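Chains, contacts and geometry: an overview
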Amino acid sequence: MGRTKGASTLHFEQDPSGKWKCKYCPYSLATRNSTLFARHLLKCKHVSDNIKASIMQKHTVSGSQHSFTGSESGAGPSDFGSSSGSPSRQSSIRTLMHSCSPGEAEKINMAIMKLIAVQGLPFSIVESDPFQEMLRAANCSYMDQGHLRSNTHFRTTLLDSLYDHVVQQVEENLGRTGISSKRTLGFDTYTTKAGVCVTNFGQTVDNKTYFLDMVPAGIPALTSEYYAEKVQQKLDSMSTQLQQPVQDLFCGVVGDNCSANLRAFAMLKKIYPKLFYTGCLPHLLARVTKDICEIPEFKMLLEKIIFVTKLVINHERIKALYKQAKGATLPKLFADTRFCHAALLTKSVEKNKEFLQSLPDHPMFTKVAESLKPIRNHKNQKEDFVKLMKDGSFWEGLLSFNKLLQICLHACTISETDGIKICHVLPIWSALRTDVSNWVHKIHTQSFWLPGTLNDVKNVLDNRECPRGNRVPVMQDFHKLSYYLNPFFAPKSGEVGSEMQESFDRVFKTYFGDDEKSMKAIAQIGFSVLERNGRIGKQIEFCQKLKKAHADTHLQEHGSELDKFGAFFHWQKTNFKQMQDGLTMWCTNEKEALELAQIAKSLLQVAAQNASIERICKGHSVIHTKVRNRLVVPRQKKLLFIYFNSRLLKSSFQEGQEAFLDGDEDLDDDDEDRDYLSDNESVHSDKDKDHNDEEDRDDDDTNMPASMPASIWDYLSDNESVHSDKDKD
């Protein structure tokens, strides 16, 4: 008689050649070996859990020994992993199930490093008992064989490896943007929790901002000389690293509108005349909102609104009474540096009007309010609060003022959208002015506010277009030129005044430094853009037809000009990504207008906002906290680089390519820009989204193509019929 087959041997059969082959997969062995049979069955993906449970219950595998215990009947799933042998026997069985090779261990270590970097966790977490218990439960062999690296190894070797890998991924991603793509350098200063002043740099390419570098400033005076020096060093270092001239690599620099930055821009303009230096548009619109809020009549009303809000949210007992009302939400204050958020304050107070008015009627309010102490301008807070809640003019003024602030906030929200360039500054500002003018001329507005107040609103906007004193202008000459070079916005010759032509001349002379090239560029913009001649003129006409067709079909339901611009920008960005700023048009037809195309290829890529750099600073506050305050600056830089760029890498990878880093959450749950969209109407209405599926069909009525090709300019070259006979003549 032969040997009795063990539990694992029953699942193997001997073929004619004498090999033992698994019944569930192609695996085979030359000899009969219960230990190797069991090891394979426990790892095989084709073996059911019931069979694995039976093997674990009946076999003890240790070295080359094997034994049999219990009956031959299979165990149920509930018995999986619960053998009745000694602890060493159970450990041996678990080792079979969770073996960990050195290569697998390195993958686990790198995954832990990604978790630490992307989630902003401290390195000491790898030494905590709960974390190690979690790893042991996931793969005991990883822990039993000592594969978990030390805290020091994670913060040095593994961090460096992950950083190098992400740097390589970013460079590969930027390499796919194309030869004509240029970068906008952005910068902002941030003070860490440890009191260290640093300057964060980012580069915007194809509507995405990547974290670039963090430069410690020490404790210097943040002067214009400091900023000019740091920006110049970064431009030169990137040029040397990538072996390209600065003007071929970058198209412009963007920063906040503080006086130090503006003076630094003037210094840099002398060094790099072919770069364009612009202030942050959302930051400028926040300043415009602040100017409006400082108009005396508005200022008095805003102080009353802030008084009501602070009384409710700062006094714990009153706040408790207020929150007893079902559906009541706390009003929101705003930071002085973000005056656009005054709209969030007024809207939150308006939304909770019913609850605020009913608060004085609460049985406990009188008793609780007795503890309120006098403050400036309010000797008796209780009486002042009750009067305001019963004052109809207060609520009437708040509702009207809130509508004005919502217009400013809407403009700021649009300006912070990814893809907003300096060519969009003029249409956003024009839409803002139109909506504010419509608010001013409403009958209710005219009857409620003093004429001087409404005139001051107009003066605030005029003072940003043609600034007096130290006001920062909303637009410079190159902003206007970029608007004219965008094929969707370019007006005709009859719509251009002499002042605009003079501003074009100043830009060309500064950029080229050559009167001959400047004259050529002026002639080319007149012939190709304003007069609509040549291939460039035909393509501009085509873009104008697309814009008009979309406006006639989808923008009629939008009441405000800002709504219309936001909906058009979303449609343009979604459907015509390659041509939304006209860059492809100028690259394709460069020979037709050489000098004009040269400046257009730079001008149409300059970002108009620095909000993405501010988000980097918010990410910095996640990496470097009050508790985690001993990180040295180089390590902060590496962690921030991984933390911020990993999200961009994931969204940029082509479909089907595995993202290097995972993580779907936003940089900061408290991100102010998310508050914009959560507390205000979306830039794009639902109606506009509902029309997306009908756009192709509607375009047929205006001789537009039913579906757009990969490149609109290829379509134009193959389909001249889209132009009317009059255009050809």
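Please refer to the structure higher up on the page.
Residues numbered from 1 in each chain as written. Predicted model: local features only at pLDDT ≥ 70, side-chain atom pairs only at ≥ 80, totals over all residues. Heavy atoms only, no water.

With seven of nine residues buried, helix α22 (residues 477-485) is to be regarded as a mostly interior element. Its buried side turned inward, α22 meets β8 (276-279), α19 (425-440), α23 (498-512), α24 (515-530), α27 (583-588) and α28 (594-603). (Buried < 20%, exposed > 50% of the residue type's maximum accessible area, 1.4 Å probe, protein only. Helix = DSSP H or I, 4+ residues; strand = E, 2+ residues; numbered from the N terminus. Contact = heavy atoms within 4.5 Å.)

We now examine the side chain of Glu595. Positionally, Glu595 belongs in helix α28. It turns out Glu595 is buried and unbridged, and the closest side chain with the opposite charge, Lys520, is 4.2 Å from it. Sequence-distant contacts of Glu595, defined by excluding residues within four places in its chain, comprise Phe512, Lys517, Lys520, Ala521 and Gln524. (Lys, Arg positive; Asp, Glu negative; His and termini not counted. Salt bridge = Lys/Arg side-chain N within 4 Å of Asp/Glu carboxyl O.)

To continue, consider the packing of aromatic side chains. Throughout the structure, instances matching the rule amount to 28 aromatic pairs. When the centroid spacing of 5.9 Å and the interplanar angle of 35° are considered together, the rings of Phe365 and Phe385 count as tilted. A residue pair is termed long-range when its members are at least 10 positions apart, and Phe365 in helix α16 (residues 365-369) and Phe385 in helix α17 (residues 381-390) qualify at 20 residues. The residues Phe365 and Phe385 share a single accessibility class, namely buried. What links up through ring pairs into an aromatic cluster is the set Tyr483, Tyr484, Phe488, Phe489, Phe504, Phe568 and Trp571. The ring of Tyr643 has Arg647 lying over it, and the distance from NZ or CZ to the ring centre is 4.5 Å. (Phe/Tyr/Trp six-rings, centres within 6.5 Å; stacked < 30°, edge-to-face > 60°. Lys NZ or Arg CZ within 6 Å of the ring centre and 35° of its normal.)

Here we take up unusual backbone geometry. Positive phi is not limited to glycine here, since Asn207 has a value of about 70°. Using a relative accessible area of 15% as the deciding quantity, one classes Asn207 as buried. Even without being glycine, Gln243 reaches a positive phi, approximately 55°. Topologically, Gln243 is positioned in the loop between α8 (224-242) and α9 (246-249). Among the residues examined, Gln243 registers a relative accessible area of 72% and is labelled exposed.

What follows concerns the side chain of His40. Looking at the element boundaries, His40 is found in helix α1 (residues 34-43). Exposure remark for His40: the relative accessible area of 13% places this residue in the buried category. Ignoring sequence-local partners within four residues, the contact set of His40 consists of Phe12, Cys22, Cys25 and Tyr27.

Residues Leu485 and Trp586 are the most contacted members of the largest nonpolar core, which totals 116 residues. Element by element, the count of residues in this core is highest for helix α18 (residues 392-415), at 12 residues. Trp586 has contacts with Leu485, Val529, Ile536, Leu596, Ala597, Ala600, Lys601 and Leu604, leaving out every residue within four places of it along the chain. Judged by nonpolar contacts, the second largest core, of 43 residues, contains Cys100, Ile613, Leu640 and Phe641. (Core = buried A, V, L, I, M, F, W, Y, C linked by side-chain atoms within 4.5 Å.)

Right, let's talk about the pattern of salt bridges for a bit. By the definition in use, this model includes 19 salt bridges. Note that Asp160 and Lys638 form a salt bridge whose closest N and O atoms lie 2.6 Å from each other. Placement of Asp160 in helix α7 (residues 151-175) and of Lys638 in helix α30 (residues 633-652) is noted, with a sequence separation of 478 residues between them. Note that Lys458 and Asp462 form a salt bridge whose closest N and O atoms lie 2.8 Å from each other. You can see Lys458 and its partner Asp462 sitting in helix α21 (residues 451-465), four residues apart, about one turn around the helix. Taking relative accessible area as the criterion, Lys458 reaches 46% and is therefore assigned partly exposed. By sharing partners, the salt bridges in this structure join Arg433, Lys458, Asp462 and Glu465 into a single network.

The buried fraction of strand β7 (residues 250-255) amounts to six of the six residues, a majority that puts the element mostly inside the structure. Pairing geometry for strand β4 (residues 183-191) and β7, over four bridges, is parallel. Residue Thr184 lies in a different strand from β7, and its bridge partner there is Gly252. In this structure, β7 lies alongside β8, joined through four bridges in parallel fashion. Residue pairing across strands places Val254 opposite Thr278, the latter belonging to β8. Each parallel crossover has a hand, and the one from β7 via helix α10 (residues 259-271) to β8 is right-handed. (Pairing = 2+ DSSP bridges. Right-handed = clockwise from strand over helix to strand, strands pointing away.)

All right, on to the environment of Asp336 then. When you line up the elements, Asp336 lands in the loop between α13 (316-323) and α14 (342-351). In this structure the C-alpha to C-alpha distance between Asp336 and Lys290, which are 46 residues apart in sequence, comes to 8.6 Å.

Pairing in this open sheet of three strands is antiparallel, and the strands run β1-β2-β3 from one edge to the other. Edge positions in the sheet fall to β1 (12-14) and β3 (28-29), since each of these pairs with one other strand and no more. Direction of pairing for strand β2 (residues 20-22) relative to β3: antiparallel, over a ladder of two bridges. Bridged to Lys21 within β3 is Ser28.

All right, on to the packing of helix α11 (residues 281-293) against α21 then. Viewed as axis vectors pointing N to C, α11 and α21 meet at an angle of 145°, and their least axial separation amounts to 9 Å. As for the relative orientation of α11 and α21, their crossing is right-handed in sense. Across the interface between the two elements, Leu284, Arg287, Val288, Asp291 and Ile292 from α11 touch Val460, Leu461 and Arg464 from α21. Residues belonging to the contact of α11 with α21 are distributed by class as follows: five nonpolar, no polar and three charged. (Axes fitted to C-alpha atoms, helices over the stretch in contact; angles between N-to-C directions. Left-handed = near helix turned anticlockwise from the far one by under 90°. Nonpolar A, V, L, I, M, F, W, Y, C, P; charged D, E, K, R; others polar.)

Relative to the 21 Å expected for 15 residues at 1.5 Å per residue, helix α26 (residues 561-575) spans 21 Å between its end C-alpha atoms, a close match to the ideal helical length. The complete set of buried residues in α26 reads Leu562, Asp563, Phe565, Gly566, Ala567, Phe568, Phe569, Trp571 and Gln572. (Expected span 1.5 Å × (residues − 1).)

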